[in-house]
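Residue-level listing of the chains:
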Amino acid sequence: MRTEELEHADTRRILEWSFQTFAPDRIALSSAFGPSGVVLMHLASQVSPGVRVFFVDTGFHFIETLAMVDRLQAAMDVRIDVVRPAISVEDQAERFGEALYRSDPDRCCALRKVAPTQRVLRGLDAWISALRRDQGPSRAHTPVYEGKAVDGRPVAKINPLVRWTNADVWGHIFDHGLPYNPLHDEDYPSVGCAPCTQRVVPGGDERAGRWAGSGKTECGLHTLI
Ligand code: SF4
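Residues numbered from 1 in each chain as written. Predicted model: local features only at pLDDT ≥ 70, side-chain atom pairs only at ≥ 80, totals over all residues.

A few points about the sheet that holds strand β5 (residues 145-150)
Pairing in this open sheet of six strands is mixed, and the strands run β3-β2-β1-β4-β6-β5 from one edge to the other. Two strands bound the open sheet, and with one partner strand each, they are β3 (78-83) and β5. Neighbour-to-neighbour, the strand axes of the sheet open up by a mean angle of 30°, direction not taken into account. Examined bridge by bridge, strand β2 (residues 51-56) and β3 share six bridges and lie parallel to one another. Pairing of V51 across the sheet is with V78, part of β3. Strands β1 (27-30), β2, β3, β4 (126-128), β5 and β6 (153-158) of the sheet are contacted by helix α6 (residues 105-121), whose axis makes an angle of about 155° with β2. (Pairing = 2+ DSSP bridges. Helix = DSSP H or I, 4+ residues; strand = E, 2+ residues; numbered from the N terminus. Axes fitted to C-alpha atoms, helices over the stretch in contact; angles between N-to-C directions. Contact = placed C-beta atoms within 7 Å.)

Section: the site of the ligand
Taken together, 13 residues sit near the ligand, with Y101, C108, C109, C193 and C196 positioned nearest. If one sorts the elements of the shell around the ligand by residue count, α6 sits on top with five residues. Here the shell around the ligand is composed, by residue class, of nine nonpolar, two polar and two charged. (Near = placed C-beta within 6 Å. Nonpolar A, V, L, I, M, F, W, Y, C, P; charged D, E, K, R; others polar.)

With respect to the packing of helix α1 (residues 11-21) against helix α2 (residues 35-47)
One way to put it is that α1 packs onto α2 with a least axis distance of 10 Å and a crossing angle of 55°. As far as their axial angle goes, α2 and α1 are oblique. In this structure, α1 crosses over α2, and the sense of that crossing is right-handed. Residue-level inspection shows T11, R12, L15, E16 and F19 of α1 in contact with α2, the latter providing L43, A44 and V47. The class makeup of the residues in the contact of α1 with α2 is five nonpolar, one polar and two charged. (Parallel < 35°, antiparallel > 145°, perpendicular 65-115°, else oblique. Left-handed = near helix turned anticlockwise from the far one by under 90°.)

A few points about the environment of G59
The residue G59 is located in the loop between β2 and α3 (63-75) in this model. A tally of 14 C-beta atoms within 10 Å means that G59 is categorised as partly exposed. (Buried ≥ 20, exposed ≤ 12 C-beta atoms within 10 Å, placed from the backbone.)

So, the pairing of β5
Of the strand pairs in this sheet, β5 and β6 are connected by six bridges, and their pairing is antiparallel. Bridged to V150 within β6 is R153. Where β5 folds back on β6, the antiparallel hairpin that results is connected by two residues, among which D151 adopts a positive phi of roughly 55°.

Comments concerning the packing of α2 against helix α7 (residues 166-176)
Relative to each other, α2 and α7 sit at 55°, their axes nearing to 9 Å. As the angle between them shows, α2 and α7 are arranged oblique. Where α2 crosses over α7, the handedness of that crossing is left-handed. On the side of α2, the interface is formed by P35, S36, V38, V39 and H42, while α7 contributes V169, W170, H172, I173 and H176. Residue classes in the contact of α2 with α7 are distributed as six nonpolar, four polar and no charged.

Here's the deal with the environment of G34
In this structure, G34 sits in the loop between β1 and α2. Owing to 24 C-beta atoms within 10 Å, G34 belongs among the buried residues under this scheme. Sequence-wise, G34 and P182 are 148 residues apart; in three dimensions their C-alpha atoms are separated by 10 Å. Dropping the residues within four chain positions of it, G34 is found in contact with S190 and V191.

Quick word on the pairing of β1
Here β1 shows two buried faces, one formed by I27 and L29 and the other by A28 and S30. Across three bridges, β1 lies against β4 in parallel orientation. When the sheet's bridge partners are listed, A28 is paired in β4 with W127. In terms of strand pairing, β1 meets β2 through two bridges, oriented parallel. The residue of β2 that forms the bridge with L29 is V53.

Okay, structure coming up:
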């Protein structure tokens, strides 16, 4: 299959192509365990049991998010690697001030999310993410396949769920009894780091609670890399 054909392929076929095309130790999923990530892990684990998932533990996650590591590994055949930033929360506070996430959230995300992700991507040829087009304007035109470069070396980014809706995702979670972050039942439709995540009024935009009021909509993982 040519990469252009992936745009119209169904999710399972995209995943099959991905795991047939790239060596097992050169392909991984990234996830912060949102509902789309749970679905993607479930589907990928059926195509490639023991699939590698990397989770960036920024040091600012909710305890409910951290607990998802064990819950997901118990529920499906995935191997979750927890990746941490090079700089500790304490060292960051000493160097840049106590609340860099307020004074300069882009720098905080660059240190705590983007840099650790780049470190992982240096060892991969393909990166699978759970982006969906209906998550907001910044994701509305996400293709299934993107050719990226990390330190000048090509890395394929594959987004098998781009055509899924929020309702599709939750339907899959409930149909299969998959674990999900309990904060979603407490008006957090999207869960990121605790200092940068707020509740959203029921029916509000899925990502409205992320960096609310700051104009920031993405951490940079999907725009800088
Ligand atoms: S989401 Fe907030 S706390 Fe987390 S890395 Fe970005 S700015 Fe820092």
